[in-house]
Amino acid sequence: MIPVKFDFLFETQKSVVKLLDNSFKKGRLVHTYLFEGVRGTPKLEAAHYLAALLLCSAETKPCLKCPDCRKVMNGTHQNVIVVSPDNNVIKKEQTDNLGKEFSLKPMDEKSRIYIIRDIDKATMAAANSLLKFLEETGPGNYGVLITENIHNVIPTIRSRAQIVSFRQLPPQTIADRLTALGVEEETAHILAHISNSVDECLEMINDGKILDLIELVKKIAESILTKEKSPLLVLHEEGKFLLTEPDKRIHNIFLDLMLAFLSSLLYFNLQQNQKIIFRNIIFDLVDYQDLSPRQIIERMEKILDYKQKLQYNINIDLFYAEMLLAIGV
Ligand SMILES: [Zn+2]
């Protein structure tokens, strides 16, 4: 396990940290928490923070320096058990094992904490075994259930836990994290706009397709601004990969990127430069911009219509021909 760091948690989820700190100080921690929030929010880190609070051997807890804190952060503390999906499923065998482990007397007087990741992926049998375990769990035992899809968590489990919601990260925070990891600045802003998870952005970069899409949108954007070439021609010259792409999600991302370009243009018009996503292209082609805010909004509305049409059976060539003609002029 990679050592857990808390900087990102402290930076982005102040209210969660405060809730855990205060509940701990006042002796009001509940025995089962359900941490929920979109992908990329530091829920696992927060679960380890709670473990450090409970296990720290220093005066001011958590000190993040004592042997107990360090073991929690390194994932080697014997009183902290993390259960992750096995082949995308939390199985009954896993929750049964947890129950068995916790039915034994603890090795020391300290608390024990179990963390179950992606609890929404528990099978019905696993959920029932967990519910039985929750009923029997003794004092000193704490659980954190983690999910990105709270609506898929079985209601009986939801109702047994205190729900703690993690704040979605603002795009700027994600972009900053990405640039800190070496992603080029404009790309970081574009990615942060289409995903709210740093991990997902990095996966998209590794996958490669997204960078090709961004390049294609930039070229089409350039042709719309300079009017030197028809956007449709650019698509056929540079975007063959898109025209043969069977995955509708990719087409959806392409349309989102086109919208992001137009909204950048709009923000430029409205002099809200900090909101501009396609920075390089907007500032490089500053002399070419003669679309009024009204014209930009009309084009955005057209793309939104085409996003709807994407749900149906469509001929991709025809679809883009119509759309680019509608927004090109
Ligand atoms: Zn400590």
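Quick caveat, the model's predicted, so the values are computed rather than measured. Position labels on residues start from 1 in each chain and follow its written sequence. In keeping with the model being predicted, local features are shown solely for residues with a pLDDT of at least 70 and side-chain atom pairs are shown and tallied solely at 80 or more, while totals for entire chains, interfaces and linings include all residues.

(A) Representation of the domain arrangement of the chain in the model. Domain annotation of the chain identifies domain 1 (7–165) and domain 2 (208–328). What counts as a domain boundary in this text is fixed by an automatic or database domain assignment. Between the C-alpha centres of domain 1 and domain 2 there is a distance of 44 Å.

(B) View of the packing of helix H12 (residues 231–238) against helix H17 (residues 316–328). For every element, the axis is a line fit to its C-alpha atoms; helices are fit only across the contacting stretch, and the angle between N-to-C directions ranges from 0 to 180 degrees. Helix numbers and strand numbers start at the N terminus; a helix is a DSSP run of H or I with at least 4 residues, a strand a run of E with at least 2. Interhelical geometry of H12 versus H17 gives an angle of 140° and a closest axis separation of 8 Å. Considered as vectors, H12 and H17 are oriented oblique to each other. For the pair H12 and H17, the contacting residues are Pro 231, Leu 232 and Leu 235 in the first and Tyr 320, Ala 321, Leu 324, Leu 325 and Gly 328 in the second. Of the residues assigned to the contact of H12 with H17, the class counts are 7 nonpolar, 1 polar and no charged. Working definition: roughly parallel below 35 degrees, roughly antiparallel above 145 degrees, roughly perpendicular at 65 to 115 degrees, and oblique for all remaining angles. Note on contacts: residues are paired as contacts if their backbone-placed C-beta atoms lie within 7 Å. Polar here means any residue outside two lists: the nonpolar Ala, Val, Leu, Ile, Met, Phe, Trp, Tyr, Cys and Pro, and the charged Asp, Glu, Lys and Arg; Gly therefore counts as polar.

(C) Representation of helix H6 (residues 124–136) within the structure. Expected span of a helix: the number of residues minus one, times 1.5 Å. Its 13 residues give H6 an end-to-end C-alpha distance of 19 Å, which sits within 8% of 18 Å, the value for a rise of 1.5 Å per residue. For H6, every residue scored as buried is listed here: Ala 126, Ser 129, Leu 130 and Phe 133. Within H6, the buried residues cover an arc of 100° as seen down the axis, which keeps them to one side. Among the exposed residues of H6, those oriented more than 90 degrees off its buried face are Met 124 and Glu 135. Backbone-placed C-beta atoms define the burial measure: a residue is buried with 20 or more other C-beta atoms within 10 Å of its own, exposed with 12 or fewer, and partly exposed in between. This arc is taken over the directions from the axis of the helix to the C-beta atoms.

(D) Just the sheet that holds strand S4 (residues 141–147), in detail. Pairing within the open sheet is parallel, and its 5 strands lie in the order S2-S3-S4-S1-S5. Looking along the sheet, the strands with just one partner apiece sit at the ends: strand S2 (80–83) and strand S5 (162–165). This sheet shows a mean twist of 20° between the axes of neighbouring strands, independent of strand direction. Two strands are said to pair when DSSP picks up at least two bridges between them. Where strand S1 (residues 32–36) meets S5, 4 bridges bridge the pair, whose relative direction is parallel. Across the sheet, the residue bridging to Tyr 33 is Gln 162, located in S5. Along the sheet, helix H5 (residues 92–103) makes contact with S2, strand S3 (112–116) and S4, crossing S2 at roughly 170°.

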